[in-house]
Protein chains: 2
Amino acid sequence: MRRPVLEFWYELASTYSYLSALRIEGLADEAGVDVRWRPFLLGPIFSAQGWNSSPFNLYPAKGRYMWRDMERETAALGLPFRRPNPFPQNSLAAARVAVYGIDHPWGTTFAKAVYHAEFGEGRSIAEPAAVHAILVRLGLDADAILKVAAAEPNKTRLKALTEEARSRGVFGAPTFFTEDGEMFWGNDRLTQALAWASGERVAGAR
Amino acid sequence: MRRPVLEFWYELASTYSYLSALRIEGLADEAGVDVRWRPFLLGPIFSAQGWNSSPFNLYPAKGRYMWRDMERETAALGLPFRRPNPFPQNSLAAARVAVYGIDHPWGTTFAKAVYHAEFGEGRSIAEPAAVHAILVRLGLDADAILKVAAAEPNKTRLKALTEEARSRGVFGAPTFFTEDGEMFWGNDRLTQALAWASGERVAGAR
């Protein structure tokens, strides 16, 4: 029997997407759900609503809280955590590779490696050289992948994914969609999204 | 032995504060924690960061999502839910009564009754007459309470509470503080806040 599918829309510069990316596979497996990873860019969506940076930078109280919350959440999940500088990182080069990776078995591994470098080790992921190094560490043909990722068809595909996210109501990351069109926003909704995808129509109270 | 205390900062116009207000007492009791209810106004805090309404109105995609999320969350918790019109409700008159209620045993009962009328039944809580009716239904001396609530010392106290919230980093509601100064934002953090207050320094992963 075909397993239900949950779409996982992630932005590689997003702190809370890191938390979901590093645990969604195990949780989805327990729930009997397949995950469809969908990279996109939050920048154009934030711009369209008048923000020229992350809300965590525009609203300092919210930003200070987020960093403390991330410390607590990563500790609870047993994940390493180090803040990259600057935040947010420019995720364009990495997102293009992740888009190309949608059709390849290394796609999700690459995304997790980016998050680990960026938020587990606090390293820059902004330069093509940083993305190149991550691909090399994964044993992949970095030169060939970066070339296709930077070509027009793949760039257009990232733009189309971002526009698809916006048109479906995405305003932050991570965001999850079930096959019957339910949208769940935030790492805090991951288990509810999986429960919904697997057929529980009312996600249990936590 | 003295029980640990969790401060519960709530805004009577806030949807997610409704969810916390209607369940915090039971959960706190299980956790062996005392709750200190602290009403305040989000309006001045939003104004200070350039917002003239709720972010759920200023950012329509976020607002549409919130209403759907509230439907799901209230269903999961077995709480009634009806959207008041307009949203947000002007909560000034009710907040003043809640401030006066801090020192009276009916304070938390009143706050819960306001939330139930506003989000359980979708009724207006904005007019003093609406607040008066809620007090009468609780068997309280509505005229006397409204008089003290509208007097200068009590109005000043609400302003001071709001300024205290802002100066301690509050940017939304509900917000929880433990005695050792940890801040938790949002109904989604209620159980973690209680766990932290009761002595668990790393709240378990959900």
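You'll find the structure just up there.
Described in the following lines is the structure provided in the data block. (Residues numbered from 1 in each chain as written. Chains lettered and ligands numbered in written order. Predicted model: local features only at pLDDT ≥ 70, side-chain atom pairs only at ≥ 80, totals over all residues. Heavy atoms only, no water.)

### Details of the interface of chain A and chain B
- Contact with chain A, which involves 31 residues of that partner, is made by 30 residues of chain B.
- Carbon and sulfur atoms supply 51% of the area buried between chain A and chain B, which totals about 2,800 Å² over both sides.
- Counting the contacts that link chain A with chain B gives 10 salt bridges.
- Among the ionic pairs, E73 of chain A bridges to R189 of chain B, the shortest N-O distance being 3.6 Å.
- Our enumeration of links across chain A and chain B arrives at 16 residue pairs in polar contact (both at pLDDT 80 or more). (Contact = heavy atoms within 4.5 Å. Buried area = accessible area lost by both parts, 1.4 Å probe. Salt bridge = Lys/Arg side-chain N within 4 Å of Asp/Glu carboxyl O. Polar contact = N/O pair within 3.5 Å; in protein donor to acceptor, adjacent residues only side chain to side chain.)

### Here's the deal with helix α10 (residues 152–167) of chain B
All names here are of chain B.
- Over its 16 residues, α10 runs 22 Å from end to end, which matches the ideal 22 Å to within 8%, given 1.5 Å per residue.
- Taken residue by residue, α10 has N154, L158, L161, T162 and A165 as its buried positions. Each buried residue of α10 sits inside an arc of 95° when the element is viewed along its axis, so together they form one side. In α10, the exposed residues that point more than 90 degrees away from the buried face are P153 and K159. (Helix = DSSP H or I, 4+ residues; strand = E, 2+ residues; numbered from the N terminus. Expected span 1.5 Å × (residues − 1). Buried < 20%, exposed > 50% of the residue type's maximum accessible area, 1.4 Å probe, protein only. Arc of directions from axis to C-beta.)

### A few points about the packing of helix α6 (residues 92–101) of chain B against α10 of chain B
Residues and elements named next belong to chain B.
- Taken N-terminus to C-terminus, the directions of α6 and α10 make an angle of 95°; their axes are 9 Å apart at the nearest point. In terms of axis orientation, α6 runs roughly perpendicular to α10. Residue-level inspection shows L92, A95, R96, V99 and Y100 of α6 in contact with α10, the latter providing N154, K155, R157, L158 and L161.
- Broken down by class, the residue content of the contact of α6 with α10 amounts to 6 nonpolar, 1 polar and 3 charged. (Axes fitted to C-alpha atoms, helices over the stretch in contact; angles between N-to-C directions. Parallel < 35°, antiparallel > 145°, perpendicular 65-115°, else oblique. Nonpolar A, V, L, I, M, F, W, Y, C, P; charged D, E, K, R; others polar.)

### Let's talk about the nonpolar core
- If you look at the biggest cluster of nonpolar residues, it comprises 127 residues, and the most contacted ones within it are V97 and F110 of chain A together with V97 and F110 of chain B.
- Here the element with the most residues in this core is helix α7 (residues 107–120) of chain A; it accounts for 7 residues.
- The residues touching F110 of chain B, leaving out its near neighbours within four places in the chain, are A94, V97, A98, V131, I134, L135 and L138 of chain B. (Core = buried A, V, L, I, M, F, W, Y, C linked by side-chain atoms within 4.5 Å.)

### Observations concerning the relation of the copies chain A and chain B
- Structural alignment of chain A on chain B gives an RMSD of 0.0 Å, achieved by rotating through 180° and translating 0.0 Å along the axis. Such a combination of rotation and displacement between the chain copies is what one expects of a two-fold axis. Minimal C-alpha separation from the rotation axis in chain A is found for D188 of chain A, amounting to 3.6 Å.
- Comparing contact sets, 97% of the residues at the interface of chain A also lie at the interface in chain B, consistent with an isologous, same-surface contact. (Least-squares fit on C-alpha atoms with pLDDT ≥ 70 in both.)

### Here we look at the sheet that holds strand β2 (residues 34–39) of chain A
Residue and element names in this part refer to chain A.
- The 4 strands are arranged β2-β1-β3-β4 in an open sheet whose pairing can be described as mixed. Each edge of the open sheet carries a strand with a single partner, namely β2 and β4 (183–185). Across the sheet, the mean angle from the axis of one strand to that of its neighbour is 20°, orientation sign disregarded.
- Its contacts with the sheet place helix α11 (residues 190–197) against β1 (5–10), β3 (175–178) and β4, and it is angled at close to 10° to β3. (Pairing = 2+ DSSP bridges.)

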